[in-house]
Amino acid sequence: MSKYLPSYSAARMFKFDNPNSYNWANNLLAGLAILFYVSSCMVMSQVNLNEDYLKLMGIYPTTGNSRNLAALGGIVSVYYGGSLVGALLGGSIADRSGRITAIILGVIISIIGAIFQASAMSITWMCCARVVTGLGVGAIDAVIPVWSSEVSPHQARGSFLAIEFFLNISGLSLAYWIEIFASMNHNQVMAWRTPLALQVVFLLAILALVPFFPESPRWLAKVGRVSEARTVLQATRKDGVEAELDAIVRSVIRDQQQAENNSYLRMLIPRTKSQRELRWRVVLSVWLQIMQELVGIGVITVYAIDLIQGAGFSQGEAKLLAGFNNLSYMFSVLFAVFTLDRFGRRSTMVWGAAGMALLLLIGGILDKYAQTGGPNQRAYGAGVVAMTFLYTGTFGATWLVTPWLYPTELFPTYVRAKGGAWSVVGWSIGNGIVTMITPFLFQAIEYGVLLLLFGLNIFVIPFIIFMYPETSGRPLEQIDDFFSNATSWNVFTGSKQIRAQGFTNHRWTRKYHGGIEQSNTLLMGQVSGDADAKRHGWASKLRRRASDAGLM
């Protein structure tokens, strides 16, 4: 594949004066790619309201017509079928031919799909175009987070990916406001075709820039290009280049002994212990992405206009409020830049889900009264909008980035791109189901949608606490310690098993700060906690248990 497409070249690689500048450039490129992905997902939110589009697709009207409503959801959701297949193909190509080559291929396919979407003349044409676009986006989504985590210093993986997802939601907001202004066009044909065509602008920018960026040093070492891996590390690291390169090379040598595991089939249907370890990671990655959709962000963002209209606002008011919600959503992601590496992955997701559950419960109760009419309808509706803003802000600060970052940290080098692909499979499954059923939910249970999402947020919390080891602060090569030495899917039991084998880095429920010093600190904290618990009773016991679980 790399014979026919531009790929990484050390001679062509951009040159910067210091590693910080290079890391910012890498993450801005990744952010631009993710910006396109989210704009391609959200572009249909306004298109679906355009009468010319609906009539051309043969699905007008949608209100009160179950056939047309199903077709509307189907056009949106087939995109995720394409992204599922594209992710698997992209992950395979990234492992064989390199991360840069896979990204370029995904961009080219996405350009073809975007052109066909903008020129669609029937529902069949549009569905095929959506599938093609999904193929390209799936490849981009599977590879970009992996590439970003592999070229970034391990101390800042979370904050860098959070910056990329700030650009992600910037793309969502940009796409939405472009559609708002396009909808003001009296030519209703151009009002829906223009936003679809503008996707090509982002893609051409990515296509022009990608060949000048570095390849993953871990992939370069895997294919024997160690000197080029050193060059990339020297460009992107302040110090510790040789130590990190040695760790990568050792990991690659160990991974070469697992060549038989490097297939999607063996990652899903294992025969050996190492393959069962990979399946464990696959399940965690796929389920985490599905949980990200279960907490409700797809419902709230894609169908925000319907939600706000149902709370008593006109369509024009609902469009504006949904647009401002996207803007606040964008800025909320900046919290993750400063908190994700500081507080860890587990704590961020648990407290995020708890906060969103509370907001959805209040919003659902207010929505019940907002939909009944009466003199206080506007006040209740304003409360629903406020809860919607707070919900999306909380999601942006906690759950937006983590499910994309986590899978890039779970998998060993030789299957990391395939691991990223499995993550996109989970995202595609979750999104596909949600976008298909949500129109029916709003018509069937109305305010009950928010109460259903409240229950789902509570539902996901135990999974995070008991199943997901903390990866924050750990070099990527160290993650294998957990999966190779623990046998229990319960992370608390697994930590005890690892401790019994003599590992100092055995606290996989908490953020890792380094070797023996961390172990001693935690031990002293536990002794102090025991004494404190005896003095102050159940409150201190609860606080200590939360601390042991990495939640405080």
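Residues numbered from 1 in each chain as written. Predicted model: local features only at pLDDT ≥ 70, side-chain atom pairs only at ≥ 80, totals over all residues. Heavy atoms only, no water.

1. Some words on helix α19 (residues 402-410)
Here is step 1: With respect to burial, α19 is a largely interior element, 9 of its 9 residues being buried.
Here is step 2: Listing the buried residues of α19 in full gives Thr402, Pro403, Trp404, Leu405, Tyr406, Pro407, Thr408, Glu409 and Leu410. (Buried < 20%, exposed > 50% of the residue type's maximum accessible area, 1.4 Å probe, protein only. Helix = DSSP H or I, 4+ residues; strand = E, 2+ residues; numbered from the N terminus.)

2. Some remarks on the packing of helix α13 (residues 273-294) against helix α20 (residues 416-444)
Here is step 1: It is at 7 Å that the axes of α13 and α20 come closest, and there the two elements cross at 30°. It follows from the interaxial angle that α13 and α20 lie roughly parallel. For the pair α13 and α20, the sense of crossing is right-handed. The residues of α20 that touch α13, namely those facing Val282, Ser285, Val286, Gln289, Ile290, Gln292 and Glu293, are Trp422, Ser423, Gly426, Trp427, Ile429, Gly430, Asn431 and Val434.
Here is step 2: Residue composition of the contact of α13 with α20, grouped by class: 7 nonpolar, 7 polar and 1 charged. (Axes fitted to C-alpha atoms, helices over the stretch in contact; angles between N-to-C directions. Parallel < 35°, antiparallel > 145°, perpendicular 65-115°, else oblique. Left-handed = near helix turned anticlockwise from the far one by under 90°. Contact = heavy atoms within 4.5 Å. Nonpolar A, V, L, I, M, F, W, Y, C, P; charged D, E, K, R; others polar.)

3. Some thoughts on the nonpolar core
Here is step 1: If you look at the biggest cluster of nonpolar residues, it comprises 120 residues, and the most contacted ones within it are Phe395 and Trp399.
Here is step 2: Tallying contributions element by element places helix α1 (residues 19-42) first for this core, with 11 residues.
Here is step 3: Sequence-distant contacts of tryptophan 399, that is, excluding residues within four places in its chain, are made with Leu288, Met291, Gln292, Met349, Gly352, Ala353, Met356, Thr394, Val460 and Ile464.
Here is step 4: Core analysis: the second largest hydrophobic core is formed by 16 residues, Ile75, Ala120, Met126 and Trp192 among them. (Core = buried A, V, L, I, M, F, W, Y, C linked by side-chain atoms within 4.5 Å.)

4. Here's the deal with the environment of isoleucine 437
Here is step 1: In this structure, isoleucine 437 sits in helix α20.
Here is step 2: Look at isoleucine 437 and you get partly exposed, because its relative accessible area is 39%.
Here is step 3: Along the chain, isoleucine 437 and valine 299 lie 138 residues apart, while their C-alpha atoms are 9.6 Å from each other.

5. Observations regarding the pattern of salt bridges
Here is step 1: Scanning the entire structure with this criterion turns up 14 salt bridges.
Here is step 2: Between lysine 273 and glutamate 277 there is a salt bridge whose closest N-O contact spans 2.4 Å. Taken together, the positions of lysine 273 and glutamate 277, both in helix α13 and 4 residues apart, correspond to about one turn of that helix.
Here is step 3: One salt bridge connects glutamate 317 with arginine 378, and the closest N-O pair in it is separated by 2.9 Å. On the criterion of sequence distance, the pair formed by glutamate 317 in helix α16 (residues 315-343) and arginine 378 in helix α18 (residues 377-398) is long-range, its members being 61 residues apart.
Here is step 4: Residue class for arginine 378 comes out partly exposed when judged on its relative accessible area of 47%.
Here is step 5: Three or more residues joined by partner-sharing salt bridges are found here, namely Asp95, Arg99, Glu150, Lys222, Arg416 and Lys418. (Salt bridge = Lys/Arg side-chain N within 4 Å of Asp/Glu carboxyl O.)

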